[in-house]
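# Inside the fold
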Amino acid sequence: MSAGQMGRAGLLVVATVLLGSMCLRVTASHEGQRYNFRFVRHARDAPLVSYYNYIIVGGGTAGCPLAATLSEHSRVLLLERGGLPYGNRNVSSEYHFADALADTSPSSPAQRFVSEDGVVNARARVLGGGSCLNAGFYTRASSGYVRASGWDARLVNASYRWVERALVFRPGVPPWQCALREGLLEAGITPDNGYTLEHVPGTKVGGTIFDRRGRRHTAADFLRKAHPKRLTVFLHATVSRIIFRRNEGAAHPVASGVVFTDPLGVQHHVYLRRGGAKNEVILTAGTLGSPQLLMLSGVGPRAHLEKHGIRPVLDQPLVGQGVADNPMNSVFVPSPVPVTLSLVQVVGVTRFGSFIEGVSGSQFGIPLHDRPRHNNNNFGMFSPMTGQLGTVPPKERTPEAMRRAAEVMRRLDRRAFRGGFILEKVLGPMSTGHVELRSTDPHANPAVTFNYFRDPRDVERCARGIEAIQRVVRSRAFARFTYANHTAMEAAFLRRAAGTAYFPVNLMPRHPRDTRPLQQYCRETVMTIWHYHGGCHVGGVVDQDYRVIGVRGLRVIDSSTFKYSPGTNPQATVMMLGRYMGLRILKERLMIRKGSVDNKHH
């Protein structure tokens, strides 16, 4: 290539980069204005150096309500590595709910990862976090969980109500969900608690963040409550490390800011404003993101940090420990009649440590991509395209196995998709694992081990949960939506479909030749329900006020602080915690300010 050609090529590259930057800026600005989020901007628009009272890392289920609350009296920066949820049908529509989980592109709101156990999973990469990806079910934590957490019950209730006024709805319960509810009661999961947001033993209908039109409302909606002149949000901003300083004579390092990169790789430095005793960096990056960022910043197990060439700021061996994912096992119950679409609406809260829920659809009802054009018959959130393949043990769930299962699914008779899934989730769980760095790349997933069913108590809870599902399926109330036995089911459609040996989901009633003990069945069919938590436990990594122990000016406020998953589904409590801690932090700040004024008068 001649010098002239090289020069023209260089100019073309520069022009392309600049044009791409301008397009992305216009898009972010347009979407922000459309939803009255004038304070939401693309990371490329960020100054190279800036200063705030609070720097919040992670615009997810806890980060959005926290940022909105703190902006009432302070200058707040919220950094989110993903984009806006608005205008994306895979996020906003319950009919396309599974598409986000099936999308493995770099721009997907769901970043797929595979645990060291072999179970395929996903983490959020979008403003609003997990509330943009989940099945929408909303239920509070139990009163016992609130007491054990040391929270102020009155403020907790007020914070829940604040969340619920913004985005919680009472679902319209279709016939399949009604039959599930009656079947749970008939199976002995009593009493009937009707519709309630409280977590109580028995069977109930819970809330949902999908409205009656099937439109999802997310934690990003809380930003409408923010003070528009005090909050700044940068999207596509990946934080690479926390900045620490050591004050002369101080015993502990002090968090003073963060470094983030925009999509062009430009580094931006954000610092806490000087002179504010309560200015803080707050991590709300979730169960994977918060421990990962602590370790990337030098807070974690010394030997592990040094292995990756990271200079330790604080030797904290408990960072990344105690991570858990509630094991989920599901069965598909084929129906002789068409079934309308429904996500999770009904739950059976057992007294033996298992929660039972269900989702249904008509052939299966939740499209992956564009079904009319591509004829993508699917099983929605339990499709191999979303990484859920419970018909083979976890270590055998290879990309090739997923591809084969998806291909089989495309050949199935459409009647095979009539029905619904009934699932059980284990309380707790008791089995725990850990998060470790795989590399020093902040964009990459860390290595995660959950150790599903290592504790025998989890296995027994699962087995009892599967027994309860069997009772539901055999109940009089559920008879309309199930076949009498596997033989009748096979005669109706399975032989014409593809044969039971190739059916890509676990069926109920089970095949007579499936004689595995339920304990083995649980281990071999385990999947995720995306309720993983831990890694920065209260009392280990953070104190009761969520301050990182051994460091000043740094907190973690998200699901990584939970030892056990709250309620049947955790999103309500994670959102509540963002509001709850925002109010507490504001109160602390105002008390300090008032104390300073009083001292001046004296």
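None of these values were measured; they are calculated from a predicted model.

Conventions and cut-offs
- Residues numbered from 1 in each chain as written.
- Predicted model: local features only at pLDDT ≥ 70, side-chain atom pairs only at ≥ 80, totals over all residues.
- Heavy atoms only, no water.
- Helix = DSSP H or I, 4+ residues; strand = E, 2+ residues; numbered from the N terminus.
- Areas by Shrake-Rupley, 256 points an atom, 1.4 Å probe, with all protein chains shown as cover.
- Buried < 20%, exposed > 50% of the residue type's maximum accessible area, 1.4 Å probe, protein only.
- Pairing = 2+ DSSP bridges.
- UniProt positions renumbered as here; feature names shortened; annotations may be inferred.
- Contact = heavy atoms within 4.5 Å.
- Polar contact = N/O pair within 3.5 Å; in protein donor to acceptor, adjacent residues only side chain to side chain.
- Salt bridge = Lys/Arg side-chain N within 4 Å of Asp/Glu carboxyl O.
- Patch = residues over 30% accessible without salt bridge, like charges linked within 9 Å, V, L, I, M, F, W, Y side chains within 5 Å.
- Phe/Tyr/Trp six-rings, centres within 6.5 Å; stacked < 30°, edge-to-face > 60°.
- Axes fitted to C-alpha atoms, helices over the stretch in contact; angles between N-to-C directions.
- Core = buried A, V, L, I, M, F, W, Y, C linked by side-chain atoms within 4.5 Å.
- Domains from an automatic or database assignment.
- pLDDT = per-residue confidence, 0-100.

### Some words on the overall build of the chain
Helix and strand counts for the chain stand at 15 helices and 26 strands. For the chain, the accessible surface area stands at approximately 24,100 Å², while carbon and sulfur atoms represent 52% of it.

### Details of the pairing of strand S20 (residues 346–349)
One face of the sheet, then the other: side chains in a regular strand alternate in exactly this way. Neither face of S20 is open: one carries Val346 and Gly348, the other Val347 and Val349, and all of them are buried. Direction of pairing for strand S9 (residues 202–205) relative to S20: antiparallel, over a ladder of four bridges. Across the sheet, Thr203 pairs through a bridge with Gly348, a residue of S20.

### Topic: the UniProt feature "binding site: FAD" (unreviewed entry) in the chain
As recorded in UniProt, the sites labelled "binding site: FAD" (unreviewed entry) are Glu80, Arg81, Val126, Val239, Trp530, His531, Pro570 and Gln571. Tracing the backbone through its elements, the reader meets Glu80 in the loop between strand S4 (76–79) and helix H3 (89–92). Filtering out sequence-adjacent residues up to four positions away, Glu80 remains in contact with Gly58, Gly59, Gly60, Arg125, Val126, Leu127, Phe234, Leu235, His236 and Ala237. Tracing the chain through its elements places Arg81 in the loop between S4 and H3. With residues up to four places along the chain from it excluded, the contact list for Arg81 reads Gln111, Arg123, Ala124, Arg125, His236, Ala237 and Thr238. In this structure the side chain of Arg81 is engaged in a polar contact, spanning 2.7 Å, whose partner is the side chain of Gln111.

### A word on the pattern of salt bridges
Applying the stated criterion across every chain, the model contains 20 salt bridges. Between Glu164 and Arg140 there is a salt bridge, and its shortest N-O distance comes to 2.9 Å. Taken together, the residues span a long stretch of sequence, with Glu164 in helix H6 (residues 153–167) and Arg140 in the loop between strand S7 (137–138) and helix H5 (143–149) at a distance of 24 residues. The burial state of Glu164 is the same as that of Arg140; both residues are buried.

### Side note on a nonpolar patch on the surface
Together, Leu48, Val49, Tyr51, Leu264 and Val266 make up a nonpolar patch on the protein surface, roughly 440 Å² of accessible area in all. For Leu48, the location among the structural elements is in the loop between strand S1 (40–42) and strand S2 (49–52). Relative accessible area serves as the criterion here: at 51%, Leu48 is assigned to the exposed category.

### Quick look at the packing of aromatic side chains
The full count for this structure, using the stated rule, is 15 aromatic pairs. Measuring from ring centre to ring centre gives 6.0 Å for Tyr145 and Trp151, while their planes differ by 50 degrees; the resulting arrangement is tilted. According to the relative accessible area criterion, Tyr145 is buried, its value standing at 15%. These aromatic residues form a ring-pair network of at least three members: Phe113, Phe450, Tyr452 and Tyr532.

### Here we look at the sheet that holds strand S12 (residues 238–245)
Taken together, the four strands give an open sheet; going across it, the order is S2-S14-S13-S12, and neighbouring strands pair in mixed fashion. Looking at which strands have only one partner, the edges of the open sheet turn out to be S2 and S12. Shown here is a sheet whose adjacent strand axes are inclined to one another by a mean of 25 degrees, direction ignored. Taken together, the seven bridges between S12 and strand S13 (residues 254–261) define a ladder with antiparallel strand orientation. The partner of Ile242 across the bridge, within S13, is Val258.

### Quick look at the sheet that holds S4
With respect to topology, six strands assemble into an open sheet ordered S1-S11-S4-S3-S15-S26, the strand pairing being parallel. If you trace the sheet from one side to the other, it starts and ends with S1 and strand S26 (554–556), each paired once. With strand direction ignored, the average angle separating the axes of adjacent strands in the sheet is 20 degrees. Two strands pair when backbone bridges link them, and S4 and strand S11 (residues 231–235) are joined in this way by four bridges, in the parallel orientation. Considered in S11, the bridge of Leu78 is made with Val233.

### Some details on the nonpolar core
Trp151, Leu294, Ile422 and Leu554 are the most contacted members of the largest nonpolar core, which has 127 residues in total. In this structure, this core is formed jointly by two domains, domain 1 (33–77 + 219–324 + 533–599) and domain 2 (169–212 + 325–433 + 449–528), each of which donates at least three residues. Core analysis: the second largest hydrophobic core is formed by 36 residues, Ala100, Ala406, Leu423 and Tyr483 among them.

### A few points about the confidence of the model for the chain
Confidence in the prediction for the chain averages 89 pLDDT; 87% of positions are at 70 or higher. Here residues 1–33 is modelled with pLDDT under 50, and outside its nearest four sequence neighbours on either side it reaches 15 contacts, counting other chains as well. Scored below 50 in pLDDT, residues 371–375 shows nine contacts in the model against residues more than four places distant or in partner chains.

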